[in-house]
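Residue-level listing of the chains:
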Amino acid sequence: MFKLATINGGQAGMLRIYRWFSWLLLAVSLHVSGVAAEVVKLTLGYENRTVYPYMTGAGPDVPPENPGASVELMQILDESIDEIEIEFVRYTWKACLAEMRRGKLDGIFNASYKPERRDYGRYPWAAGDVDSSRRLTTRTYRFYSPEDKPLDWDGSKINAPDYTVIAPKGYSVVNDLKLIGIEAREVETTTTALRLLIEGRADAAALLEESAEYLIDADPRFRSIEAHALPIKTKPYYLMLSHQFVDMHPDLALKIWARLAELRVTSLPALISKYQGE
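As the structure is a prediction and not an experimental result, all values here were calculated from the model. Per chain, residues are indexed from 1 in the order of the written sequence. Local features are withheld for residues below a pLDDT of 70 in this predicted model, meaning they are given only at 70 or higher, and side-chain atom pairs are given and counted only at 80 or more; totals for whole chains, interfaces and linings count all residues. The side-chain figures draw on all heavy atoms in the structure; neither hydrogens nor water molecules are used.

### Topic: the nonpolar core
Line of reasoning, step 1. Among buried residues, those of type Ala, Val, Leu, Ile, Met, Phe, Trp, Tyr and Cys that are joined through side-chain atoms within 4.5 Å constitute a nonpolar core. For every residue, the accessible area (1.4 Å probe, protein chains only) is compared with the maximum for its type, and the residue is labelled buried under 20%, exposed over 50%, or partly exposed between those bounds. Ranked by size, the top nonpolar core spans 51 residues in total, and within it Met74, Leu77, Phe109, Phe143, Leu177, Leu239 and Ile256 carry the most contacts.
Line of reasoning, step 2. The element that contributes the greatest number of residues to this core is helix 8 (residues 250–266), accounting for six residues.
Line of reasoning, step 3. Listed in part, the 15 residues of the second largest apolar core include Leu215, Ile216, Phe222 and Ile225. Counting from the N terminus, the helices are DSSP H or I runs at least four residues long and the strands are E runs at least two residues long.

This is the structure:
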């Protein structure tokens, strides 16, 4: 009797140990599964006005349909990386920069490279410089002026004694012009700039080519405005990520920039063509 009880007790003890290990393995499995399935919320900010064809609509809301080529590219990015879930918010461009610096935004687009912006967030980086191979897109700035008052621009300077140049507020071209000795007065929007040109209140406007051409084609008032053949500058634009996000998710940040570089080649041309009606 005593021997049988000892055997049964040993078997019972082994059974308890087996069950304990089974529960432990299950708990570890569930924990690992939960970690693997963790999704990082990525809050991206972009400008709250139309910058055609990259973003459409005005105000804080994201249009449910045709929000712009850059926004749609980010939506494709969201679908292609399981570890992220993107939420979009819209502010003025200056507010986008400020909110990313605070860490309220995890990133912003479309951002050209300016050295001082490295205080606000991070660009894709390689060999000590911004990595243009991982850019989001490339855009061109041109001068626009009334066709009956052509601008004498040689690609590096304006050959006129008195002229008034305007540009949308917060755009990097303002600083580009300042570096070559041209002071541009900042106005609210591209539409504002075009209106001031036809009213004779400015001689030239430094504008993003795609946005200006879209508005000129869409509004008969602006048909007398033409672009100068020589560009002011052609430059790459990027998805910037906040310092806080990159510090917390360094590998994921690299994955996002790498995937975006792929999508720029495979998906962006078709998106831009859709908005340009090609």
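### Topic: the packing of helix 5 (residues 190–198) against helix 6 (residues 209–218)
Line of reasoning, step 1. Lines fitted to C-alpha atoms define the axes here, with helix axes fitted over just the stretch in contact, and angles between the N-to-C directions of these axes take values from 0 to 180 degrees. Their axes nearest at 10 Å, the elements helix 5 and helix 6 cross at an angle of 60°. Taken together, the axes of helix 5 and helix 6 are oblique relative to one another. In this structure, helix 5 meets helix 6 at a crossing whose hand is right-handed. Residues Thr190, Thr191 and Leu194 of helix 5 lie in contact with helix 6, whose contacting residues are Ala212, Leu215 and Ile216.
Line of reasoning, step 2. Under the grouping applied here, Gly and all other residues not named as nonpolar or charged are polar, the nonpolar ones being Ala, Val, Leu, Ile, Met, Phe, Trp, Tyr, Cys and Pro and the charged ones Asp, Glu, Lys and Arg. Within the contact of helix 5 with helix 6, the residues separate by chemical class into four nonpolar, two polar and no charged. Each angle is binned into one of four classes, with values under 35 degrees roughly parallel, values over 145 roughly antiparallel, values of 65 to 115 roughly perpendicular, and all other values oblique. For any pair of crossing helices, the crossing counts as left-handed if the nearer helix is rotated counterclockwise from the farther one by less than a right angle, and right-handed if it is rotated clockwise. Here a residue-residue contact requires only that any non-hydrogen atoms of the pair lie within 4.5 Å.

### Points about the environment of Ser156
Line of reasoning, step 1. For Ser156, the location among the structural elements is in the loop between strand 6 (137–146) and strand 7 (165–168).
Line of reasoning, step 2. For the pair Ser156 and Pro231, spaced 75 residues apart in sequence, the C-alpha to C-alpha distance is 9.6 Å.

### Describing the side chain of Ser242
Line of reasoning, step 1. Structurally, Ser242 can be placed in the loop between strand 11 (233–241) and helix 7 (243–248).
Line of reasoning, step 2. When residues no more than four places from it in sequence are discounted, the contact partners of Ser242 are Met100, Leu105, Asp106, Gly107 and Gly121.

### Thoughts on the packing of aromatic side chains
Line of reasoning, step 1. Any two of the Phe, Tyr and Trp rings considered here, Trp counted by its six-membered ring, make a pair once their centres fall within 6.5 Å; the pair's planes then place it as stacked at under 30 degrees, edge-to-face at over 60, or tilted in between. Inspection of every chain in the model, using the stated rule, returns nine aromatic pairs.
Line of reasoning, step 2. One aromatic cluster in this structure is built from Tyr113, Tyr123, Trp125 and Tyr238.
Line of reasoning, step 3. Over the ring of Tyr120 we find Arg101; its NZ or CZ atom is 4.5 Å from the centre of that ring.
Line of reasoning, step 4. Between the NZ or CZ atom of Arg139 and the centre of the ring of Tyr237, over which it lies, the distance is 4.5 Å. Criterion for a charge above a ring: Lys NZ or Arg CZ within 6 Å of the ring centre, and within 35 degrees of the ring normal.

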